[in-house]
Amino acid sequence: MRVTSDGHPLHPKGSRARVLLCSVFGPYAQDDEYGSRSVNPMELYQNQVTRMQGPFSLRMFHRSWGMMLIQANIEAPCTLLDFPDLERFRAELREHEYDVVGIGAIVPNVGKVAKMCAVIRELQPRATIVVGGHVANHQRIHELVDADHVVRGEGVQWFRRFLGEDPTLPVRHPLIQSGFGTRILGVYGSDEVADTAATVIPSVGCPLGCDFCATSAMFGGKGKSFDFYSSGDELYDLMARLEEEMGVSSFFVMDENFLLHRKRAMRLLELMKENGKAWSFMVFSSANALRLYTMEDLVALGISWVWMGLEGDGAAYRKLHNADTRALVREMQSNGIRVLGSSIVGLREHTPENIDTAIDYAVSHDTDFHQFMLYTPVPGTPLWRKHEEEGTLLDESECPTADVHGQTRFNYRHPHIKDGQEGEMLVRAFRRDFDVNGPSIVRMLGTLLKGYLRHRDNPDPRVRARFWWETRDLRRTYAGIIWASERWFRSDPAVRAKVRAVRDDLRTAFGWRSAVWGAVVGPVILTALWLEQRRLDRGWTYEPATFYESNKPLADAGRSRGRVPALARWVEPSVVSEDEARTA
């Protein structure tokens, strides 16, 4: 293998190398020999947010965005195979020859990565194997998988350099639908892109660097991040073209702390006002980053959904310093901003005696959604290194890597919580949140209604237009959801009272029409709910579809035989053209 002057590996074929990028194989929502776990499905919400909400749980899948980004930013012919089963992966290697095969995964799936490497060696022994993603931070990755290269951190520049391409070129952004296969209440939602959102990835990494954060550790740790779009002008230009290409007005911003960059966000707002854009944004943010803005700023910017770390009562994280998170949540919800709170079970100070107090504190926020995770030292994080130094980590025989995902058990010896108590405590947290606050879909509708009632006469026409679009289904479909929910919880007075409060707000906003539509649509939804509960009781599982896509060089070259992948699409950067970048 050739190397560059600074020691970076260089493929001998350069941009002529044929590349296959692949996610780990399914099925996922089952217990198997390769590391899949039924409690750790390929569903973000069902996995760790709405896990105990039964037929009310929000079910959806997300594509492998990192590999989509790499595919869009290399000149070499590249195929992306996303969510195959093992036989589909084998078939691809039998039907088409590749020079490079890249696999992306998280740490619990290291067993699947090892199996895929073995299959590649069997069917295409001359191919170079590259492994990346969070799994690259596993301390024994080189022992566990037969890979030629393990890539830690940002993959676009690594692949460009590996293929002899210019790593300094501006980043093309793939056209990414934020989620697909959405299912709730036993009903599939629309997979039309315009009905969902486009994913935008401004940067990777997080400057705050909490000790348990695997994402921060993956991209260099505290204070480190890599910006793809560092200015408000670049972001605006990208979003305007995504709007044109995809027909969207909502954006899921995949940035660990988007609002921390206030100058960029306020410049984006300035351009949105100048051009009359009524966009909405779903963002991740720390409490202290939110406090950099007035509520008027957040509403004008179009912040409609915030994923915010709450961690735990008294948690010693700088992002929460002096923050009254309950008051902040209430203020955001009163302005129509839905909140997904994130809390940790099993902090060092947690004990069997005080865990209920910690859970009650989290539940008291009454966020629209609530993520609960076990305090887990993931390989590569400062928390993992601390436990390694203290000698408290469990070895593979005591806790298999496949179980290190934060939803079952600790992978270390906790000072106070013993004998597997943590799994029950986590389930207790999910159950209490559901029992006290009701289903997330009802909470979310309540927040939407508060925002609509508060801002339907907002002097800014962009804000009025956004709230009208976000609540367009409230008087009909959502009225039916409230009708069905009220009857589903007929024997639970506390939750039923919460549902009725939302019903009353619906009638305040839309009058008798919401009652009529509720009575028409509600029985259909109630039937779907009962049918979904029966499926779940029988052990029904949910798996993503397989995606098979090529970049333009491969599409131009054509395929002599076998399956023909769909053409992947992206937005070209406009600030500097590729020719200008090459000659700069």
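In this text the structure is predicted, and so the values were computed from the model without any measurement.

Our next topic: the overall build of the chain. Counting its secondary structure elements, the chain contains 22 helices and 22 strands. Radius of gyration (C-alpha) of the chain: 24 Å, near the 25 Å computed for a compact globule of 584 residues. Contacts spanning at least 24 positions in sequence make up 75% of the contacts within the chain whose residues lie at least 6 apart. Element-wise, carbon and sulfur atoms account for 50% of the exposed surface of the chain, whose accessible area totals about 23,900 Å². Averaged over its 72 positive side-chain charges, the chain has a centre that lies 3 Å from the centre of its 76 negative ones.

Right, let's get into the sheet that holds strand β15 (residues 250-253). In spatial order, the strands read β12-β15-β16-β17-β18-β19; together these 6 strands make up an open sheet with parallel pairing. What marks the edges here is a single partner per strand, and that holds for β12 (198-200) and β19 (369-374). Here the strands of the sheet are splayed against their neighbours by 20 degrees on average, with no regard to which way each runs. With 4 bridges connecting them, strand β16 (residues 280-284) and strand β17 (residues 303-311) associate as parallel partners. Directly across from Val283, in β17, lies its bridge partner Val306.

The next thing to look at is the pattern of salt bridges. For the structure shown, the criterion picks out 36 salt bridges. Close ionic contact of Arg241 with Asp237 constitutes a salt bridge, the shortest N to O distance being 2.5 Å. With Arg241 and Asp237 both in helix α8 (residues 232-246) and 4 residues apart, this pair spans about one turn of that helix. Between Lys498 and Asp366 there is a salt bridge, and its shortest N-O distance comes to 3.7 Å. You can see Lys498 sitting in helix α19 (residues 493-510) and its partner Asp366 sitting in the loop between α13 (355-363) and β19, a full 132 residues away along the chain. Several salt bridges converge on common partners, so that one network encompasses Asp356, Asp360, Glu424, Arg428 and Arg432.

Judged by nonpolar contacts, the single largest core of 113 residues is most densely connected at Phe159, Leu259, Phe281 and Met308. Listed in part, the 33 residues of the second largest apolar core include Cys117, Ile120, Val131 and Tyr548.

Before going further, it helps to spend a moment on the packing of α19 against helix α20 (residues 512-537). At a closest axis distance of 6 Å, the pairing of α19 and α20 adopts a crossing angle of 125 degrees. In terms of axis orientation, α19 runs oblique to α20. Only Trp512, Arg513, Ser514 and Ala515 of α20 make contact with α19, whose side of the interface consists of Leu506, Arg507 and Phe510. For the contact of α19 with α20, the per-class residue count stands at 4 nonpolar, 1 polar and 2 charged.

What follows covers the side chain of Thr79. Considering the arrangement of structural elements, one finds Thr79 in strand β5 (residues 78-82). Here the side chain of Thr79 touches Tyr98 through a polar contact of 3.4 Å, side chain to side chain.

The strand order β8-β7-β6-β3-β5-β20-β21 describes an open sheet built from 7 strands, whose pairing is mixed. The open sheet has two edge strands, β8 (149-150) and β21 (566-567), and neither has a second partner. Pairing of strand β3 (residues 19-23) with β5 involves 4 bridges; the strand directions are parallel. Its bridge partner lying in β5, Leu20 is registered against Thr79.

Before going further, it helps to spend a moment on the confidence of the model for the chain. With 95% of its residues at a pLDDT of 70 or more, the chain has an overall mean of 91. Within the model, the stretch residues 576-584 combines pLDDT values under 50 with 12 contacts to residues more than four positions away or in other chains.

In this approach, a probe sized like a water molecule rolls over the atoms, and the result shows the empty space that is left. Within this model, the largest pocket holds a volume of roughly 1,200 Å³. Lining of the largest pocket is provided by 38 residues; of these, Thr182, Asp195, Thr196, Met444 and Tyr478 occupy positions nearest its centre. Broken down by element, the lining of the largest pocket gets its largest block of residues, 4 residues, from helix α16 (residues 440-455). Considering only residue class, the lining of the largest pocket consists of 21 nonpolar, 12 polar and 5 charged.

Criteria and cut-off values
Residues numbered from 1 in each chain as written. Predicted model: local features only at pLDDT ≥ 70, side-chain atom pairs only at ≥ 80, totals over all residues. Heavy atoms only, no water. Helix = DSSP H or I, 4+ residues; strand = E, 2+ residues; numbered from the N terminus. Rg over C-alpha atoms; globule rule 2.2 N^0.38 Å. Contact = heavy atoms within 4.5 Å. Areas by Shrake-Rupley, 256 points an atom, 1.4 Å probe, with all protein chains shown as cover. Lys, Arg positive; Asp, Glu negative; His and termini not counted. Charge placed at Lys NZ, Arg CZ, Asp CG, Glu CD. Pairing = 2+ DSSP bridges. Axes fitted to C-alpha atoms, helices over the stretch in contact; angles between N-to-C directions. Salt bridge = Lys/Arg side-chain N within 4 Å of Asp/Glu carboxyl O. Core = buried A, V, L, I, M, F, W, Y, C linked by side-chain atoms within 4.5 Å. Buried < 20%, exposed > 50% of the residue type's maximum accessible area, 1.4 Å probe, protein only. Parallel < 35°, antiparallel > 145°, perpendicular 65-115°, else oblique. Nonpolar A, V, L, I, M, F, W, Y, C, P; charged D, E, K, R; others polar. Polar contact = N/O pair within 3.5 Å; in protein donor to acceptor, adjacent residues only side chain to side chain. pLDDT = per-residue confidence, 0-100. 1 Å grid on protein atoms, 1.4 Å probe; cavity = no way out; pocket = protein on both sides within 12 Å on 5 of 7 lines; lining within 4 Å. Points joined across faces, edges and corners; volume = space filled by probe spheres on them.

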